[in-house]
Amino acid sequence: MVVLVTIYFYLYFDFCKILKNTEERVMTFKSLALPLITCLSLLAFSYLSSVLGHGSTGFILLAISIFSFSIVSLIQSSRENHTLMRASSRQLKEAK
Amino acid sequence: MIDAVVAFFLLGIIAQLLGAKIPFPDGLYKTLSLFLMVAIGLKGGIALQQHVDPALLTMSIAVVAFGLLLPLVAYPLLRYFGQLDKINAGAIAAHYGSVSVATYAVAVALLEAGDIAYEAYFPLFVVLLEMPAILVGLVLAKGNLKVINRAFIKKELVANQSILLMVGSLVIGFVGGDSVQKLTPFFVELFSGVLALFLLKMGLVAGEQLGTLKKNSLFLISFAILMPMLGGLAGTGLGVLLELSAGGIALMAVLGASASYIAVPAAMKESLPEANAGMSITASLGITFPFNVLLGVPFFIALGQYLGA
């Protein structure tokens, strides 16, 4: 779990370097915080489920799915911002 | 091992995702809903006749308070993390503060299959939890108490289809005496079969909703899974406080975890027409309902058994 959270925050902070605007960073944090909280809650439920002698696979699979989805979402947003930034800097150079 | 009744729900989702055109008349779906509401009320009334609990009034007040508090948990999550406007946040909060009769029916079927006893008056709690969240959701959306007027109360409290059917059946089951027994072959014996068909339809609808999830739905999926976990834990806590049985704790958790997609959408359509109904239905029916049926209900039953032991 520690490894997953570390990867998550590494990608998040890496993405934030692109976002110079603090407001954008806060919005990104808000949009990604809840998926992370949900993943951690699902993992907590899976642990509790195994303690109760009940199956925990479903919770774990769901946590991994949401985690993967949020990583993909973060990477896609990062690529879109990279593309936008390159396009705008190219336009600036052409204008000069 | 998945329960046979719940398996029909999975069948519906798989059929929808595979594109199989299963004809399911709208009239049949409405009839099955009607049957389930009447059956739940009737069964509750019959059982209540045999076991009247003097602490019922105190418990009912606690349950209504629970119904008022749940939307207050959902609303800040929707506003802060989802960055939704007041109207949509209030509407979705109302869905999650109310209950799903279908989810409750699944929980009851699983409890009965496992021979786990629960309190007879739970249909009363289902009815009590239908309304408060609608009121709170509306107040949060509009930002004032003026929305709660006489016409609203008459339409949503007195003439609400679900409430009227369940309360009416509960009363009939309670006062009917021996004559109610002639209804049990239809409403009690056929309950599981009807529920299976109903879940098949719900699976088809849920599969359709999953297909409409758009690109930026990460927040909605996360919220629709987190909220039943939070609500379920809160319901578990309430069940323990009220000193309910193992089955009772499980049912209270399920009521906290469930989200309405029949009564509340209709109420929101009338009172908050500007809210995005698609978002609420996708969350409550497309994500929360399958989550509860497949993972939440079995988990809360296991938790109820552990705490109630």
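What you see is a predicted model, and the numbers here were worked out from it, not measured in a lab.

Chemist: So what exactly am I meant to see when it comes to the packing of helix α7 (residues 132-142) of chain B against helix α14 (residues 263-271) of chain B here?
Modeler: Helix packing geometry: the angle between the two helix axes and the distance between the axes. All names here are of chain B. Between α7 and α14, the shortest axis-to-axis distance is 11 Å and the interhelical angle comes to 35 degrees. Classified by chirality, the crossing of α14 by α7 is right-handed. Across from I134, L138 and K142 in α7, the residues of α14 making contact are V264, A267, M268 and S271. Split into classes, the residues belonging to the contact of α7 with α14 amount to five nonpolar, one polar and one charged.

Chemist: Please clarify how the packing of aromatic side chains should be interpreted in this entry.
Modeler: Aromatic rings in a pair are described by how distant their centres are and how their planes are angled relative to each other. Residue and element names in this part refer to chain B. One pass over the structure, following the stated rule, counts 17 aromatic pairs over all chains. With centroids separated by 5.6 Å and ring planes inclined at 15 degrees, the aromatic side chains of Y29 and F198 adopt a geometry described as stacked. In this pair, Y29 is assigned in helix α2 (residues 26-50) and F198 in helix α11 (residues 191-211), connecting sequence segments 169 residues apart. Accessibility classification places Y29 together with F198 in one group, the buried group. Both rings, one in F219 and one in F223, keep their centres 6.0 Å apart while their planes meet at 25 degrees; by these two values the pair is stacked.

Chemist: Explanation requested: the interface of chain B and chain A in the structure shown.
Modeler: Counting residues at the interface gives 23 residues for chain B, matched by 25 residues for chain A. Taken together, both faces of the contact between chain B and chain A bury some 2200 Å²; the carbon and sulfur share is 83%. Taken as a group, B:F81, B:L218 and B:F299 account for 30% of the area that chain B buries against chain A, more than any other trio of residues on that side. The interface formed by chain B and chain A includes zero salt bridges. For the pair chain B and chain A, the number of links is one residue pair in polar contact (both at pLDDT 80 or more). Those elements giving two or more residues to the side of chain B that touches chain A turn out to be α3 (56-80), α12 (218-241) and α15 (277-308) of chain B. If one sorts the elements of the side of chain B that touches chain A by residue count, α12(B) sits on top with nine residues. Classifying every residue of the side of chain B that touches chain A gives 19 nonpolar, three polar and one charged.

Reading guide: rules and limits
- Residues numbered from 1 in each chain as written.
- Chains lettered and ligands numbered in written order.
- Predicted model: local features only at pLDDT ≥ 70, side-chain atom pairs only at ≥ 80, totals over all residues.
- Heavy atoms only, no water.
- Axes fitted to C-alpha atoms, helices over the stretch in contact; angles between N-to-C directions.
- Helix = DSSP H or I, 4+ residues; strand = E, 2+ residues; numbered from the N terminus.
- Left-handed = near helix turned anticlockwise from the far one by under 90°.
- Contact = heavy atoms within 4.5 Å.
- Nonpolar A, V, L, I, M, F, W, Y, C, P; charged D, E, K, R; others polar.
- Phe/Tyr/Trp six-rings, centres within 6.5 Å; stacked < 30°, edge-to-face > 60°.
- Buried < 20%, exposed > 50% of the residue type's maximum accessible area, 1.4 Å probe, protein only.
- Buried area = accessible area lost by both parts, 1.4 Å probe.
- Salt bridge = Lys/Arg side-chain N within 4 Å of Asp/Glu carboxyl O.
- Polar contact = N/O pair within 3.5 Å; in protein donor to acceptor, adjacent residues only side chain to side chain.

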